[in-house]
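Listed here are the chains, written in short residue letters.
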Amino acid sequence: MTNVVITGTGLYTPEHAIGNDALVAAFNAWIDLENARHAQAIASGERQSLAYSSSEFIEKASGIKSRYVLDAEGILDPRRMRPRLPQRANDEPSIQCDMALEAAHEALLDASVKAADIELVIVACSNLERAYPAVAVELQQALGAAGYGFDMNVACSSATFAMETAANAIASGSIKRALVVNPEICSAHLNFCDRDSHFIFGDACTAMVLEADSVAVAETRFSILGTRLVTRFSNAIRNNAGFLNRVTDSDPLAEDKLFVQEGRRVFKEVCPMVATLITQHLASLELAGSDLARLWLHQANRHMNDLIARKVLGYEPDETQAPVILDRYANTSSAGSIIAFHLHRADLKPGDLGVICSFGAGYSAGSIVVQRQ
């Protein structure tokens, strides 16, 4: 089988950043408007007044301090509470294609690869801009890439699932080079009026070039030693938006058409699942947690990452061993672990081992064991 290597990564970061204080101010202003609107029902005991959020609550609950978004103005407007992204005409590039182009160009440059040499483009993310035509095929044309492309969605695990798909295509000899892109517009499916989740997500896009080692020219390469995926059905993280909404006559603005989760249940069920996945994957390669120089984990919640890293490594990790980027990026769904890899890999030495791991709705989780060449 062909040895598959990661030779380049790219990152698109939106220009707008929202700190916790600004987000909380908008949320609390909305709370005041809602409580005033329902003052009579609250006074009669028919309805409870809504509670304020706080920056302290957000940071303690998640470790998040800030997030990047495509549009801050709409999110911070107490009378709107969602981003304002104008609809594009059919002859204009999609928003996700534009994001993907920026990240892809950086990844291709990093890998010293021309777009025309890419034979497979996978756009993998938690929510796609449209059902069809595929964003991947649109991106393929915009880049001038060869071969074929397709979209895929495994929620927050989309990046690692796409990496395995691309790696398998290369290892089998059917292609030599692939591009995996993760354009996440998480702010569009987040309920900014929900105290328990209004702070969770940010927007970003990552890209990664995978190649057969025999054709790669990049000086820095990470060999993929193995991939392992797992899924287990759960309703604990859910988004019920879909094309059947209009024919089932369901409310398109209902809360379940946005991100919904049972946070405590997710924590209790996902952490052991992910730790077991990684440790069993390492064991199958005759490796242990103590062999790892780095864990690039999904950036959803600081407490989850700390617990998983501790279970895998066997001791309390520092931020060098398990880097955190969610403090400034928040949860960027499938892009999170790839942002961590993109920003925190240059210092590794030849022979150093690491794991890229994502996990989320489904439940789903993906583990990619890599080694610096």
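Not measured: the values here are computed from a predicted model. (Residues numbered from 1 in each chain as written. Predicted model: local features only at pLDDT ≥ 70, side-chain atom pairs only at ≥ 80, totals over all residues. Heavy atoms only, no water.)

## Some points on the packing of helix α4 (residues 95-111) against helix α5 (residues 135-143)
Then, number 1: Viewed as axis vectors pointing N to C, α4 and α5 meet at an angle of 55°, and their least axial separation amounts to 10 Å. For the element pair α4 / α5, the angle class is oblique. Between α4 and α5 lies a crossing whose hand is right-handed. Here Gln96, Cys97, Ala100, Leu101, Ala104, His105 and Leu108 of α4 come into contact with α5, specifically with Val135, Glu138, Leu139, Ala142 and Leu143. (Axes fitted to C-alpha atoms, helices over the stretch in contact; angles between N-to-C directions. Helix = DSSP H or I, 4+ residues; strand = E, 2+ residues; numbered from the N terminus. Parallel < 35°, antiparallel > 145°, perpendicular 65-115°, else oblique. Left-handed = near helix turned anticlockwise from the far one by under 90°. Contact = heavy atoms within 4.5 Å.)

## Let's talk about unusual backbone geometry
Then, number 1: Note the cis peptide between tyrosine 132 and proline 133, where omega equals 0°.
Then, number 2: Inspection of the secondary structure puts proline 133 in the loop between β4 (120-124) and α5.
Then, number 3: For the peptide bond that leads from glycine 362 to tyrosine 363, omega is -10°, which places it in the cis range.
Then, number 4: Here tyrosine 363 is to be found in the loop between β12 (353-360) and β13 (364-372).
Then, number 5: One non-glycine residue with positive phi stands out, namely aspartate 249, at about 60°.
Then, number 6: Structurally, aspartate 249 can be placed in the loop between β9 (237-238) and β10 (260-261).
Then, number 7: With phi around 65°, alanine 330 is a residue other than glycine that occupies positive phi space.
Then, number 8: You can see alanine 330 is positioned in the loop between α9 (326-329) and α10 (335-343).
Then, number 9: What makes alanine 330 buried here is its relative accessible area of 0%. (Buried < 20%, exposed > 50% of the residue type's maximum accessible area, 1.4 Å probe, protein only.)

## Side note on the packing of aromatic side chains
Then, number 1: On inspection of all chains with the given rule, the structure shows eight aromatic pairs.
Then, number 2: Residues phenylalanine 201 and phenylalanine 259 carry aromatic rings whose centres are separated by 4.8 Å and whose planes lie at 90° to one another, so their mutual orientation is edge-to-face. You can see phenylalanine 201 sitting in the loop between β6 (177-185) and β7 (203-212) and its partner phenylalanine 259 sitting in the loop between β9 and β10, a full 58 residues away along the chain.
Then, number 3: Phenylalanine 201 sits in the buried class, given a relative accessible area of 3%.
Then, number 4: Phenylalanine 259 gets classed as buried once you look at its relative accessible area, which sits at 10%.
Then, number 5: Each residue in the set Phe222, Trp296 and Phe341 is aromatic and connected to the rest through ring pairs, giving one cluster.
Then, number 6: Over the ring of phenylalanine 57 we find arginine 195, and its NZ or CZ is 4.2 Å from the ring centre. (Phe/Tyr/Trp six-rings, centres within 6.5 Å; stacked < 30°, edge-to-face > 60°. Lys NZ or Arg CZ within 6 Å of the ring centre and 35° of its normal.)

## Quick word on the state of the cysteines
Then, number 1: Counted by the stated rule, this structure contains zero disulfides.
Then, number 2: Counting only cysteine sulfurs, cysteine 156 is the nearest neighbor of cysteine 186, a cysteine outside any disulfide, at a range of 7.0 Å.
Then, number 3: The cysteine cysteine 357 is free of any disulfide, with cysteine 271 supplying the nearest cysteine sulfur at 11 Å. (Disulfide = S-S within 2.5 Å.)

## Side note on the UniProt feature "domain: Beta-ketoacyl-[acyl-carrier-protein] synthase III N-terminal" (unreviewed entry) in the chain
Then, number 1: In the numbering used here, UniProt assigns the "domain: Beta-ketoacyl-[acyl-carrier-protein] synthase III N-terminal" (unreviewed entry) feature to residues 150-227.
Then, number 2: Each end of residues 150-227 is marked by a C-alpha atom, and these two atoms are 20 Å apart; helix forms 18% of the span and strand 36%. (UniProt positions renumbered as here; feature names shortened; annotations may be inferred.)

## Brief notes about the pairing of β13
For a regular strand, side chains alternate in direction, first toward one face of the sheet and then toward the other.
Then, number 1: The element β13 is largely enclosed, with a buried count of eight among its nine residues.
Then, number 2: Strand direction decides the pairing type here: strand β8 (residues 222-231) and β13, joined by nine bridges, are antiparallel. Note that in β13 the partner of leucine 229 across the bridge is glycine 366.
Then, number 3: Here β12 pairs with β13 via eight bridges, running antiparallel. Across the sheet, leucine 353 pairs through a bridge with glutamine 371, a residue of β13.
Then, number 4: Between the end of β12 and the start of β13, which pair antiparallel, lie three residues, with glycine 362 showing a positive phi angle near 140°. (Pairing = 2+ DSSP bridges.)

## Structural notes on the pairing of β12
Then, number 1: Of all the eight residues making up β12, eight are buried; the element is thus mostly covered by neighbouring parts of the structure.
Then, number 2: With burial as the criterion, each face of β12 is covered, one bearing Leu353, Val355, Cys357 and Phe359 and the other bearing Gly354, Ile356, Ser358 and Gly360.
Then, number 3: The pairing of strand β11 (residues 292-297) with β12 spans five bridges and is parallel. Following the sheet pairing, arginine 294 is matched in β12 by glycine 354.

## Overview of the UniProt feature "domain: Beta-ketoacyl-[acyl-carrier-protein] synthase III C-terminal" (unreviewed entry) in the chain
Then, number 1: The sites that UniProt annotates as "domain: Beta-ketoacyl-[acyl-carrier-protein] synthase III C-terminal" (unreviewed entry) are residues 283-371.
Then, number 2: Counting secondary structure, residues 283-371 comes out at 30% helix and 25% strand; the distance between its end C-alpha atoms is 16 Å.

## Focus: the nonpolar core
Then, number 1: Ile278 and Leu295 are the most contacted members of the largest nonpolar core, which totals 52 residues.
Then, number 2: Elements with a contribution of two residues or more to this core: α1 (20-37), α7 (263-284), β11, α8 (302-313), β12 and β13.
Then, number 3: In terms of residue count, the dominant contributor to this core is α7 (nine residues).
Then, number 4: Look past the residues within four positions of leucine 295 in its chain and what remains in contact with it is Ile278, Ala309, Val312, Leu313, Gln321, Ala322, Pro323 and Val355.
Then, number 5: Residues Val4, Phe161, Ala169 and Met208 belong to the second largest nonpolar core, which totals 38 residues. (Core = buried A, V, L, I, M, F, W, Y, C linked by side-chain atoms within 4.5 Å.)

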